[in-house]
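# Examination of the molecular architecture
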Amino acid sequence: MWAIAHTCIGKSCILENALNDNFPGSARRPNTREYMPSTLTYNPKQNRILGALSANDYARILDDLELVQLELGQVLYESGDSLSYIYFPVTCLASLIFTTRKGATAELAIIGNDGLVGIPLVLGGDTTTHRVVVQSAVAAYRAKVAVIRWELDQGREFQHLA
């Protein structure tokens, strides 16, 4: 049986496949090393909507995207909030939660890297009708509502993908 160990040196980590001597009958294999960056890198194209844009549309929106780190349980919107940013998840999940007048809640949707957070804007609204909570934290890109509204108003590829 092989065990994996890692050692960090500077900004790189070394992964080692080492033989577990406690497993009888294992063939001896020399250690192999691979260097791996210790920080993850993100790309807007990890979001499927942004990744499906034409080169021209993608280049136009790229400067307006901001990488943000999201925390587990972070509330992006409360019901009735005015939209200020649209989020494009790359490695996180967000839940859309509806609350009834009596306080009962229901999860309407889970959004990952195949969608966007801010669907009321796509449907022509300015405020949310639901709460949005981060369920799996890491990263997303966001853009100001004015930028996305302009893209949607152009009636191009972005409008069809959203």
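Residues numbered from 1 in each chain as written. Predicted model: local features only at pLDDT ≥ 70, side-chain atom pairs only at ≥ 80, totals over all residues. Heavy atoms only, no water.

The next thing to look at is the overall build of the protein. Along the protein, the regular secondary structure elements total five helices and 10 strands. For the protein, with 162 residues in total, the buried portion stands at 32%. When the accessible surface of the protein is split by element, carbon and sulfur atoms take 52% of a total near 9900 Å². (Helix = DSSP H or I, 4+ residues; strand = E, 2+ residues; numbered from the N terminus. Buried < 20%, exposed > 50% of the residue type's maximum accessible area, 1.4 Å probe, protein only. Areas by Shrake-Rupley, 256 points an atom, 1.4 Å probe, with all protein chains shown as cover.)

Across the sheet, which stays open at both edges, the four strands sit in the order S5-S9-S7-S8 with antiparallel pairing between neighbours. Each end of this open sheet is capped by a strand with a single partner; those strands are strand S5 (75-77) and strand S8 (105-111). On average, adjacent strands in this sheet sit at an angle of 30° to one another, irrespective of strand direction. (Pairing = 2+ DSSP bridges. Axes fitted to C-alpha atoms, helices over the stretch in contact; angles between N-to-C directions.)

Moving on, we get to the environment of Glu78. With respect to the element layout, Glu78 can be found in the loop between S5 and strand S6 (85-89). By relative accessible area, which is 34% here, Glu78 ends up partly exposed. Counting along the chain gives 54 residues from Glu78 to Val132, while the straight-line C-alpha distance between them is 6.6 Å.

Here the focus is helix H2 (residues 55-62). Here H2 has its buried residues at Asp57, Tyr58 and Ile61. One side of H2 holds all its buried residues, which, seen down the axis, span an arc of 100°. In H2, the exposed positions that point more than 90 degrees away from the buried face belong to Ala55 and Asn56. (Arc of directions from axis to C-beta.)

Turning to the pattern of salt bridges, a few remarks are in order. Tallying each qualifying case throughout the model produces five salt bridges. Note that Arg60 is salt-bridged to Asp57, the shortest N-O span being 2.8 Å. In this pair, Arg60 and Asp57 both sit in helix H2, three residues apart, roughly one turn of the helix. As a salt-bridge pair, Glu78 and Arg131 come within 3.2 Å of each other at their nearest N and O atoms. (Salt bridge = Lys/Arg side-chain N within 4 Å of Asp/Glu carboxyl O.)

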